[in-house]
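Summary of structural features
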Amino acid sequence: QVQLVESGGGLVQAGGSLRLSCAADSGRTFSSYAMGWFRQAPGKEREFVAAITRSGAITYYADSVKGRFTISRDNAKNTVYLQMNSLKPEDTAVYYCAATPTPYGITWYVRRERWDYWGQGTQVTVSS
């Protein structure tokens, strides 16, 4: 079992930046979990944003955020980050952190059902 708590959301103008954090509280070593970020805009399904492997060696991004967002992790701090630059109004959504101990191939993590644990989400609003 792992508890995930996101932070860092807020209101930002288009072109601005935010960094989201997700702190994990687990009875298991944090580095045994692959970590990911998803987002859900009003009236839309939750969609994949980014994933990072347990060691942090491999990352994967949705095409819509590639080149603008960076996922990283600090296993010593039990935290995963999402650095979001060049934000657009269409990035507005609730952002969710997710975790799984299952070592899938990195592209498999785009599916929501691959993830076992979810945070409560943090709101990101980008104004035009």
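Only a predicted model underlies this, so the values are computations on that prediction, with no experimental measurement involved. (Residues numbered from 1 in each chain as written. Predicted model: local features only at pLDDT ≥ 70, side-chain atom pairs only at ≥ 80, totals over all residues. Heavy atoms only, no water.)

Looking only at helices and strands, one finds 0 helices and 11 strands in the chain. In sequence order, the secondary structure elements of the chain are arranged as β-β-β-β-β-β-β-β-β-β-β. Scaling as 2.2 N^0.38, a compact globule of 128 residues should have a C-alpha radius of gyration of about 14 Å, and the chain matches this with 13 Å. If one aligns the C-alpha atoms of the chain with their principal axes, the spans along those axes are about 40 × 25 × 25 Å. Sequence separation of at least 24 residues holds for 59% of the intrachain contacts in the chain that already meet a minimum separation of 6. (Helix = DSSP H or I, 4+ residues; strand = E, 2+ residues; numbered from the N terminus. Rg over C-alpha atoms; globule rule 2.2 N^0.38 Å. Contact = heavy atoms within 4.5 Å.)

We now examine the state of the cysteines. Taken as a whole and judged by the stated rule, the model has 1 disulfide. Each disulfide pairs two cysteine sulfurs, and for C22 the partner residue is C97, the sulfurs being separated by 2.1 Å. Negative torsions about the S-S bond denote left-handed disulfides, and the value of about -80 degrees found for C22 with C97 makes this one left-handed. Here C22 is found in strand β3 (residues 18–26), whereas its partner C97 is found in strand β9 (residues 93–100), with 75 residues between them in sequence. Both residues of the pair, C22 and C97, count as buried. (Disulfide = S-S within 2.5 Å. Buried < 20%, exposed > 50% of the residue type's maximum accessible area, 1.4 Å probe, protein only.)

Turning our eyes to something else, we now look at the nonpolar core. If you look at the biggest cluster of nonpolar residues, it comprises 38 residues, and the most contacted ones within it are L4, M35, W37, V80, L82, M84 and Y95. Residue contacts for M84: discarding those within four places in its chain leaves G16, S17, L18, L20, R68, F69, Y95 and V124. (Core = buried A, V, L, I, M, F, W, Y, C linked by side-chain atoms within 4.5 Å.)

Moving on, we get to the pairing of strand β11 (residues 122–127). Taking every second residue as pointing to the same face, the buried face of β11 carries T122, V124 and V126, while none of Q123, T125 and S127 on the other face is buried. Both strand β2 (residues 10–13) and β11 contribute to a ladder of 4 bridges, which runs parallel. Looking at β11, one finds that V12 is bridged to V126. (Pairing = 2+ DSSP bridges.)

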